Amino acid sequence: MRTTLRMRRAALVCTAVGALALTGCGGDSDGKDEPGKGSAKDTPNPSSVVLPKLDGEKISVAAVWTGPEQANFTKVLGEFEKRTGATVTFVPAQDPIVNFLGTKVAGGQPPDVAMIPQVGAIQQAVAKKWAKPVGAEAKAQLSKNYAQVWQDLGAVDGTQYGVYFKAANKSLIWYNAKAFENAGASEPKTWKDFLATAETVSASGVTPVSVGGADGWTLTDWFENIYLSQAGPEKYDQLAQHEIKWTDPSVKDALTTLAQLFGKPSLIAGGADGALQTEFPASVTQTFTGGDQPKGAMVFEGDFVSINIAQTKAEIGTDAKVFPFPAVGDASPVVTGGDAAVALKDSKGAQALLTWLASTDAAKIWAEAGGFISPNKGLDAAAYPNDVQRKMAEALIAAGDDVRFDMSDQAPQSFGGTPGKGEWKTLQDFLKNPKDIAGTQAKLESDAAKAYKS
């Protein structure tokens with residue numbers, strides 16, 4: 001199925017993103033909710049959302065989140081329980097989530113709500129008639145709190161199915177400030193400067209770039225940022241829709257650019273083999289441990305990297321700093337991702353939970369905990385725990401309808417979201433052999449053609 005989203009204008013937004021490299025990490029964490037009135041008992045503060053009483057109702061929510069993400073989401077669910085009287089159970093899911101949900105549906109026990117991280121997976125859930133349309137109360141929250149782009153991302157053929165609760169700014173490079181200082185390196189603004197900075201860091205005795213290649217999705221993010229900046233937003237949309245083939249010259253150009261990094265094993269922590277054995281969390285923690293001799297000086301990924309940095313002794317804003325993904329073309333790209341809540345049961349509890357997740361109150365809880373960016377434009381930026389996180393969130397909101405959503409997450413899940421298959425596997429093979437650009441393009445096109453037909 002093709003996504004219904006057709007973004008309107010260029011996504012190469014450099015406004016607030018340019019202010020990301022900050023040295024301070026303090027800030028007032030108190031958000032200011034909109035005045036409102038909750039209907040449930042035990043609500044200590046004025047509420048921006050009206051929720052029904054659900055005493056005794058049991059609601060299950062499936063998501064692929066683990067560790068700190070699961071813990072923070074559980075806090076959000078806990079407040080919903082307090083306000084409504086419902087009991088909410090978190091159901092750990094696995095990627096690909098469509099396959100996981102398929103087993104639950106076949107067994108007659110689908111969760112009430114699933115947090116779905118791919119646009120293509122939402123479309124598949126609709127096509128399989130698992131997903132239930134969003135109710136009037138949740139739609140009202142979406143209309144009030146969300147830019148049209150985020151509503152469109154959760155819609156299929158004009159019907160709203162998803163509520164995007166968690167977003168990501170996936171166009172960031174995080175770096176070990178001490179390693180940069182020792183090397184005499186500065187933050188690069190262009191891809192050419194980025195490669196030069198990597199060589200400077202390498203000459204100081206520290207491997208410059210940590211890559212979590214064991215998780216194929218990180219490699220799709222590398223490609224997408226280069227492609228968006230180099231080929232431009234119109235080509236990006238066309239490739240995301242498979243309106244042009246992966247054998248297009250623009251794909252060759254992007255892979256050739258990426259090979260300038262992947263083709264130099266000395267610039268990657270552990271070389272290609274080491275990177276392919278490094279999972280994403282480890283790619284972050286090994287960048288911010290080891291004092292001034294980390295295994296890697298830089299790691300690319302979204303704002304959620306801060307969750308993994310928090311598991312080290314590094315302080316964001318002092319030990320761990322961040323700059324926008326370097327411009328390959330005219331400007332730095334802004335690629336986003338996100339997780340949408342989709343009801344799989346047409347129940348009062350499921351719809352109430354969607355309403356809650358579309359509210360500023362729910363977003364504020366996780367924002368204060370850190371490691372989270374909300375697409376909810378009604379959320380007071382003061383809720384974020386530090387200036388770095390706040391600027392990343394402000395950049396996303398400022399981009400409005402001009403962001404571009406993660407390309408692989410727009411694709412059918414068999415191509416863009418399955419471990420060991422499709423784009424994930426082919427880009428892992430490319431990391432291992434970045435000279436085979438033509439073969440990589442041919443394999444990507446073959447897999448994409450099959451996936452978009454199914």
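Residues numbered from 1 in each chain as written. Predicted model: local features only at pLDDT ≥ 70, side-chain atom pairs only at ≥ 80, totals over all residues. Heavy atoms only, no water.

Chemist: Residue-level account of the packing of aromatic side chains, with values.
Modeler: Using the criterion set out here, one finds 27 aromatic pairs in the structure. Between Tyr 164 and Phe 405 the ring centres are 5.7 Å apart and the planes differ by 70°, which places this aromatic pair in the edge-to-face class. Taken together, the positions of Tyr 164 in strand E6 (residues 162-169) and Phe 405 in strand E12 (residues 404-405) put the pair 241 residues apart, joining distant regions of the chain. On the basis of relative accessibility, which here comes to 0%, the residue Tyr 164 falls in the buried class. Classification of Phe 405 by relative accessible area gives buried; the value is 0%. On the basis of an interplanar angle of 70° and a centroid distance of 6.2 Å, the ring pair of Trp 222 and Phe 262 is categorised as edge-to-face. Residue Trp 222 is found in helix H8 (residues 216-231), and its partner Phe 262 is found in helix H10 (residues 249-262); the two are separated by 40 residues along the sequence. (Phe/Tyr/Trp six-rings, centres within 6.5 Å; stacked < 30°, edge-to-face > 60°. Helix = DSSP H or I, 4+ residues; strand = E, 2+ residues; numbered from the N terminus. Buried < 20%, exposed > 50% of the residue type's maximum accessible area, 1.4 Å probe, protein only.)

Chemist: So what about the packing of helix H19 (residues 422-432) against helix H20 (residues 437-453)? Which residues, and what values?
Modeler: At a minimum axis separation of 9 Å, H19 and H20 run at an interaxial angle of 170°. One way to sum up the angle between H19 and H20 is to call them roughly antiparallel. Between H19 and H20, the contacting residues are Gly 422, Glu 423, Thr 426 and Phe 430 on the first element and Ile 437, Thr 440, Lys 443, Leu 444 and Asp 447 on the second. Here the residues of the contact of H19 with H20 are counted per class, giving three nonpolar, three polar and three charged. (Axes fitted to C-alpha atoms, helices over the stretch in contact; angles between N-to-C directions. Parallel < 35°, antiparallel > 145°, perpendicular 65-115°, else oblique. Contact = heavy atoms within 4.5 Å. Nonpolar A, V, L, I, M, F, W, Y, C, P; charged D, E, K, R; others polar.)

Chemist: I'd love a proper account of the packing of H8 against helix H9 (residues 233-240), names of residues and values included.
Modeler: Between H8 and H9, the least distance of the axes is 7 Å, while the angle of their chain directions is 135°. Taken together, the axis directions place H8 and H9 in an arrangement best described as oblique. For the pair H8 and H9, contact is made by Phe 223, Glu 224, Tyr 227, Leu 228 and Ala 231 and by Pro 233, Lys 235, Tyr 236 and Leu 239, respectively. Of the residues in the contact of H8 with H9, the class split is seven nonpolar, no polar and two charged.

Chemist: Tell me about the pattern of salt bridges, and name the residues and values.
Modeler: Evaluated as defined, the whole model comprises 14 salt bridges. In this structure, Arg 83 and Glu 79 form a salt bridge, with 2.8 Å as the shortest nitrogen-oxygen distance. With Arg 83 and Glu 79 both in helix H1 (residues 67-84) and four residues apart, this pair spans about one turn of that helix. When the shortest N-O distance is used, the salt bridge between Lys 170 and Asp 406 registers 2.7 Å. Taken together, the residues span a long stretch of sequence, with Lys 170 in the loop between E6 and strand E7 (172-176) and Asp 406 in the loop between E12 and helix H17 (407-410) at a distance of 236 residues. The residues Lys 170 and Asp 406 share a single accessibility class, namely buried. Sharing partners across several salt bridges, the network here consists of Glu 79, Lys 82, Arg 83 and Asp 361. (Salt bridge = Lys/Arg side-chain N within 4 Å of Asp/Glu carboxyl O.)

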